[in-house]
Amino acid sequence: MAIIRSKIGIIGGGISGIAAAKQLAKYDPIVFEATDCIGGVWKHCSYRSTKLQTPRCDYEFSDFPWTQRDNTNFPTYEEILDYLYSYAKHFDVLKFFNFNSKVVEIKFVGDPEMNYFGEYGSLLTGNPVWEVAVRNNQSQTIQWYAFDFVVMCTGKYGDIPNIPNFPQKKGPQVFNGQVLHTLDYSKLDQEASTKLMKGKKVVVVGYKKSAIDLAVECAEANQGPEGQPCTMVVRTLHWTVPHYSIWGLPFYLFYSTRSSQFFHERPNQGLFRTLLCHMLSPLRRAASKLIESYLEWKLPLEKYGLKPEHPFEEDYASCQMAILPENFFTEADKGKIMFKRTSKWWFWEGGVEFEDNTKLEADVVILATGFDGKKKIKAILPDPFRSLVEFPSGMLPLYRGTIHPLIPNMAFVGYLESVSNLHSAEIRCIWLSRLVDDLFKLPSVEKMLAQITQEMEIMKRTTRFYKRNCISTFSINHSDEICQEMGWQFWRKTNWLAEAFCPYNSQDYAEEK
């Protein structure tokens, strides 16, 4: 079968793949999506109760606002999928998608001696740099493609579950009940998921958003006297937020304005700014304490032993903050959700056992233990590039959250997190399209690596949970630097008052004509 030649290939059809296809549309990119539809994790990793964790106006494309963007209700995953489909149809990007097309191998065919960055010109070399093998999920045939440039949009979530390691003979195989990951659970319809949990002793392992939503669904399936409680096994506590208001103040005032982010360390800030940031650190800690005091007053954290020992700002700085379903603690008060704190646990034939030698009987154990995004990349990247996605900190080293300085003619979108991952993906795709258009040049490899290292050091100093590429405390500055690189004005508001005290969102970064 002959190799199909094209300039740009995009791997993945979630929000990042959709954004990349739209911004690179002039090059007629080929988008490979392993499933039969767009949407990524919103389609394949959502439960019936899954909702967005931010207001919809904070999760929209800059040139395609929600029809009800001022609706304060968090949209459901079905609403988000409808929005993504509307966007894709409006900008006619579905024509670029090859569905049921799974990338199984990538080969580097470029010149290993050539420097692909900086003063060496366009990223579209005119010659193939990567060959991509794609398996059609229906015919099982393999088709090879050749590209000048490849954009990886497989994301950090979905596809490959992160399964804990267990002591020998203490893994799922010794358990007489049913074990599944949230990835498996998300494939069940409402009837099947209710049947799985109703009247069963269910253990949910984890205490992030997926685990919390799952525990509520379990409680709802077990109403009435015959219902069994759901037990959450909690290893690491994180702060949870009931809504976007703190002591009557909008949450964005604390972290999402230029003035509030002024108190936080950011890259390239200079000596004076570093000293000023250090002097203002008590105000930063005071903001965190104010939020903590509200959450302790509003939520029964002490009652259930769920109060974290670390400051709230560390969860925010690592993109770990979760929005609680309205009835989470209501169900806990009814005895339908229970909690077990532990550092280590394993299976026994009747359920799960803990390091304090206590045992918990279970019929079903659901692992809300996350996903292994790097494993997805490493499974298809060839050597020697496969080893370059590993980094001592655990984070993927990317310049502007997009370019790996040592992997030629390849971009990564969707591996950097902020308050709005959709905005993070879109602005990087806008930046990437201008880079491909040769409207600006990348810095030297040394300068890119220095920038990456500086950002990682800031994340490491800001939070103990630094193994995530999260820029939430300096997201505006990050966008400023991207705008500057593209030649855009980086102060995007209409006046200085709005610039200082209003939150930034995608609408502020509408494309300049």
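This structure is a prediction, so every number in the text was calculated from the model and none was measured.

Scoring rules and cut-offs
- Residues numbered from 1 in each chain as written.
- Predicted model: local features only at pLDDT ≥ 70, side-chain atom pairs only at ≥ 80, totals over all residues.
- Heavy atoms only, no water.
- Salt bridge = Lys/Arg side-chain N within 4 Å of Asp/Glu carboxyl O.
- Helix = DSSP H or I, 4+ residues; strand = E, 2+ residues; numbered from the N terminus.
- Buried < 20%, exposed > 50% of the residue type's maximum accessible area, 1.4 Å probe, protein only.
- Expected span 1.5 Å × (residues − 1).
- Contact = heavy atoms within 4.5 Å.
- UniProt positions renumbered as here; feature names shortened; annotations may be inferred.
- Polar contact = N/O pair within 3.5 Å; in protein donor to acceptor, adjacent residues only side chain to side chain.

Student: Break down the pattern of salt bridges for me, with residues and values.
Tutor: By the definition in use, this model includes 27 salt bridges. Between Arg5 and Asp148 there is a salt bridge, and its shortest N-O distance comes to 2.8 Å. With Arg5 in strand S1 (residues 4–11) and Asp148 in strand S6 (residues 142–152), the pair connects residues that are 143 residues apart, well separated along the chain. On the basis of relative accessible area, Arg5 is assigned to the partly exposed category, the value being 40%. Residue Asp148 is classed as buried on the basis of its relative accessible area of 0%. In this structure, the salt-bridge partner of Lys307 is Glu296, at a minimum N-O distance of 3.3 Å. Here Lys307, found in the loop between helix H10 (281–298) and helix H11 (312–317), pairs with Glu296, found in helix H10; they are 11 residues apart in sequence, far enough to count as distant. When its relative accessible area of 32% is taken as the criterion, Lys307 is described as partly exposed.

Student: Explain helix H16 (residues 475–486) to me, using residue names and the numbers behind them.
Tutor: End to end, H16 covers 17 Å across 12 residues, agreeing with the expected 16 Å (1.5 Å per residue, within 8%). Where burial is concerned, most of H16 is hidden: 11 out of the 12 residues are buried. Of all the residues in H16, the buried ones are Ser475, Ile476, Asn477, His478, Ser479, Asp480, Glu481, Ile482, Cys483, Glu485 and Met486. The inward-facing, buried residues of H16 contact helix H8 (258–261), helix H14 (421–436) and helix H15 (445–462). Where H16 ends, the next residue or the one after it, Gly487, has phi of about 85 degrees, a positive value.

Student: Before we move on, could you go through the UniProt feature "binding site: FAD" (unreviewed entry) in the protein and cite the residues and values that matter?
Tutor: Those places that UniProt annotates as "binding site: FAD" (unreviewed entry) correspond, in this numbering, to Ser16, Glu33 and Ala34. Position of Glu33 among the secondary structure elements: in the loop between strand S2 (30–32) and helix H2 (41–44). Not counting residues within four places of it along the chain, the set of residues in contact with Glu33 comprises Gly12, Gly13, Gly14, Phe97, Asn98, Phe99, Asn100 and Ser101. Among the polar contacts made by the side chain of Glu33, one reaches the side chain of Thr35 at a distance of 2.6 Å. Looking at the secondary structure, you find Ala34 in the loop between S2 and H2. When sequence neighbours within four positions are dropped, the list of residues in contact with Ala34 reads Asn100, Ser101, Lys102 and Asn137.

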